Amino acid sequence: MTPGLNIAALSRRTGVAPDTLRKWEQRYQILQPTRTAGGQRRYSERDVARVEWLCERLREGYRIGEAANLLGTAEVTPARTARDHLEAILDAVDTGEPAAIGLLVDQAFALHDVDETLEQILAPLLREIGERWQRGELTVAEEHVVSEAVRSRLGHLLADAGWGVRGTVVLACAPGERHELGLMMLAIALRRDGWKVTYLGADTPLADAAELARRQSAQVLGISVTTVPVEELPSLEDVQIVLGGPGAGAYTGGLAETVNAMRSFAA
Ligand code: B12
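What counts and how
Every chain is numbered independently, its residues counted from 1 as its sequence is written. Whole-chain, interface and lining totals are the exception, using all residues; otherwise, since this is a predicted model, local features are given only for residues with pLDDT of at least 70 and side-chain atom pairs are given and counted only at 80 or more. Labels follow the DSSP assignment, with helices taken as runs of H or I lasting at least four residues and strands as runs of E lasting at least two, numbered in each case from the N terminus. A residue is called partly exposed when the number of other C-beta atoms within 10 Å of its own lies between 12 and 20, exposed at 12 or fewer, and buried at 20 or more, with C-beta atoms placed from the backbone. One less than the number of residues in a helix, times 1.5 Å, gives the span that helix is expected to have. Two residues qualify as being in contact provided that their C-beta atoms, derived from the backbone, are within 7 Å of each other. Nearness is defined per residue: the C-beta atom, placed using the backbone, must lie within 6 Å of the molecule or strand. We call Asp, Glu, Lys and Arg charged. Ala, Val, Leu, Ile, Met, Phe, Trp, Tyr, Cys and Pro are nonpolar, and the rest, Gly among them, are polar. Residue ranges assigned to the domains are those given by an automatic or database domain assignment. Orientation is described by lines fitted to C-alpha atoms, with helices fitted over the stretch in contact, and by angles between N-to-C directions that extend from 0 to 180 degrees. Roughly parallel means an angle under 35 degrees; roughly antiparallel, over 145; roughly perpendicular, 65 to 115; everything else is oblique. Rotating anticlockwise by less than a right angle from the far helix to the near helix defines a left-handed crossing, while the corresponding clockwise rotation defines a right-handed one. By convention in this section, buried Ala, Val, Leu, Ile, Met, Phe, Trp, Tyr and Cys residues joined through C-beta atoms within 7 Å make up a nonpolar core. Each pair of strands is called paired provided DSSP finds at least two bridges between the two strands. A crossover counts as right-handed when, viewed with the strands pointing away from the observer, the path leading from the first strand over the helix to the second turns clockwise.

A. Just unusual backbone geometry, in detail. You will see that glutamine 29, though not glycine, has its phi angle at about 50°, which is positive. Along the polypeptide, glutamine 29 turns up in the loop between α2 (18–28) and β1 (34–35). A tally of 12 C-beta atoms within 10 Å means that glutamine 29 is categorised as exposed.

Written out as structure tokens, the structure is:
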């Protein structure tokens, strides 16, 4: 006998009528039943979790099409808490599922607060990926898959315009510095905190960043340093220069504290 639930049992477990389950399966491919020798569908515990997850989204006000899109057709068990999400993404990295990694990052942004997603899921994810890469457990290609999935989602968030009631900040990575994901997260958090952010990204000549900050009458020029030390800082009147990132030995900790510290520069 093939293990698994038939549609009636799946319906009892999830409280969703069999007709509705069939419709969701056909229209949105959200279930992946196996077949018995006689061609009967058999559903797994993962299917139960996927239906329950969809029902939670419907209760939150998502339409079924949107919720199904978010759930995706990849063979992943949907995650709920931030901790679950982090573990699910790491599992997808282990099983080498690039599509699932992107999907889970999208789910994280849809289901959690942006700050929570950045601080409790993406920052620890990237740090863990770095450690695994250093220990030789991940190839450079695997690390790139994760950082690209993160970078493209952060790019979308960065594209949202901000009003800048608190002040203007120009953010750039030091010359030669390619680590920009931390700075992107900071840019998103500062925008949400009411700053106008001009984000210049990786490997920026500091004189050019300083000139732009001056022209924009920015309060702060933030420079991110991870691996490439800054030889010399530009001199700027009326613009506070703040070095941050792991290579600067400053502001390497939580996003919330960093955002708080930045407020003092606009005062
Ligand atoms: C992704 C990644 C890459 C990607 C970067 C992609 C991208 N578009 O950004 C790529 C593949 C390019 C890369 C390249 C390299 N990498 Co790399 N990389 C990483 C990894 C896995 C994640 C980095 C990250 O995004 N961290 C997450 C963010 C959230 O943390 P964060 O940067 O600290 O930022 C937070 C704070 O510091 C703060 N902050 C950051 N900037 C600023 C600025 C201001 C003004 C303020 C106030 C605050 C602030 O706010 C952020 C949010 O809280 C790390 C592992 C790790 N431990 O971080 C290795 C890591 C940083 N890389 C490392 C290395 C060695 C390299 C390479 C030299 C490898 C090589 N041989 O080529 C190159 C160097 C490239 C270069 N010239 O910059 C080492 C660095 C070791 C060291 N200390 O010297 C690490 C630690 C991996 C490891 N465990 O060994 N890397």
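The structure having been displayed, the exposition proceeds.
B. Spatial organisation of helix α9 (residues 181–192). End to end, α9 covers 17 Å across twelve residues, agreeing with the expected 16 Å (1.5 Å per residue, within 8%). Here α9 has its buried residues at Gly182, Leu183, Met184, Met185, Leu186, Ala187, Ile188, Ala189, Leu190 and Arg191. Buried positions along α9 lie against α7 (114–134), α8 (140–158), β3 (167–173), β4 (195–201), β5 (220–224) and α11 (255–266). Glycine 194, located one to two residues past α9, shows a positive phi value of around 100°.

C. Fine view of the site of the ligand. Around the ligand, a shell composed of 34 residues is seen, among which Gly130, Leu181, Gly182, Gly222 and Gly244 lie nearest. Within the residue set of the shell around the ligand, elements represented by two or more residues are α7, α8, α9, β5, β6 (240–244) and α11. Element by element, the count of residues in the shell around the ligand is highest for α7, at seven residues. A per-class count over the shell around the ligand returns 13 nonpolar, 14 polar and seven charged. Viewed by domain, the shell around the ligand spans two of them, domain 2 (82–157) and domain 3 (162–266), each represented by three or more residues.

D. Summary view of the packing of α9 against α11. Relative orientation of the contacting elements α9 and α11 amounts to 60°, with a least axis distance of 10 Å. Considered as vectors, α9 and α11 are oriented oblique to each other. Like other packed secondary-structure pairs, α9 and α11 cross with a definite hand, here right-handed. Residue-level contacts link Met185, Leu186, Ala189 and Leu190 of α9 to Leu255, Thr258, Val259 and Met262 of α11. In terms of residue class, the contact of α9 with α11 is built from seven nonpolar, one polar and no charged.

E. Region of the structure containing the environment of valine 51. Within the secondary structure, valine 51 sits in helix α3 (residues 45–60). Valine 51 gets classed as buried once you count the C-beta atoms within 10 Å, which come to 24. Spatially, the C-alpha atom of valine 51 lies 8.3 Å from that of valine 16, the residues being 35 residues apart in sequence. If we ignore the near neighbours within four places in the chain, the residues touching valine 51 are Leu10, Thr14, Val16 and Leu21.

F. Quick peek at the nonpolar core. Within the largest apolar cluster, 53 residues are counted, with the highest numbers of intra-cluster contacts made by Ile89, Ile101, Leu104, Val170, Leu171, Ala187 and Leu221. A domain-level breakdown of this core finds at least three residues from each of domain 2 (82–157) and domain 3 (162–266). Not counting residues up to four positions away in its chain, the partners in contact with valine 170 are Thr198, Leu200, Ala209, Leu212, Ala213, Gln216, Ala218 and Leu221. Ranked by size, the runner-up nonpolar core spans ten residues in total, among them Trp24, Ile30, Val51 and Leu54.

G. How the structure looks around the packing of helix α6 (residues 98–111) against α8. Contact geometry of α6 with α8 gives a least axis separation of 10 Å together with a crossing angle of 35°. Pair α6 / α8 crosses with right-handed handedness. Of the residues in α8, those touching α6 at Pro98, Ile101, Gly102, Val105, Asp106 and Phe109 are Val145, Val146, Ala149, Val150 and Arg153. Among the residues forming the contact of α6 with α8, the class breakdown is eight nonpolar, one polar and two charged.

H. Up close: the domain arrangement of the protein. By domain assignment, the protein separates into domain 1 (7–71), domain 2 (82–157) and domain 3 (162–266). Put simply, the middle of domain 1 and the middle of domain 3, counted by C-alpha atoms, are 46 Å apart.

I. Structural detail: the pairing of β3. Burial analysis of β3 places five of its seven residues in the buried class, which makes it a mostly covered element. Here β3 pairs with β4 via six bridges, running parallel. Each bridged residue has a counterpart across the sheet, and for alanine 172 the counterpart in β4 is glycine 201. Note that the unit made of β3, α9 and β4 has a crossover that is right-handed.

J. Geometry of the sheet that holds β3. Spatially, β4-β3-β5-β6 is the arrangement adopted by the four strands of the open sheet, whose pairing is parallel. Two strands bound the open sheet, and with one partner strand each, they are β4 and β6. Strand-to-strand twist of the sheet, defined as the mean angle between neighbouring strand axes without regard to direction, takes the value 20°.

K. Local environment of helix α5 (residues 82–94). For α5, with 13 residues, the first-to-last C-alpha span of 19 Å sits near the 18 Å given by 1.5 Å per residue. Against α6, α7 and α8 lie the buried residues of α5. Trailing α5 by a residue or two, glycine 96 shows a phi angle of about 65°, which is positive.

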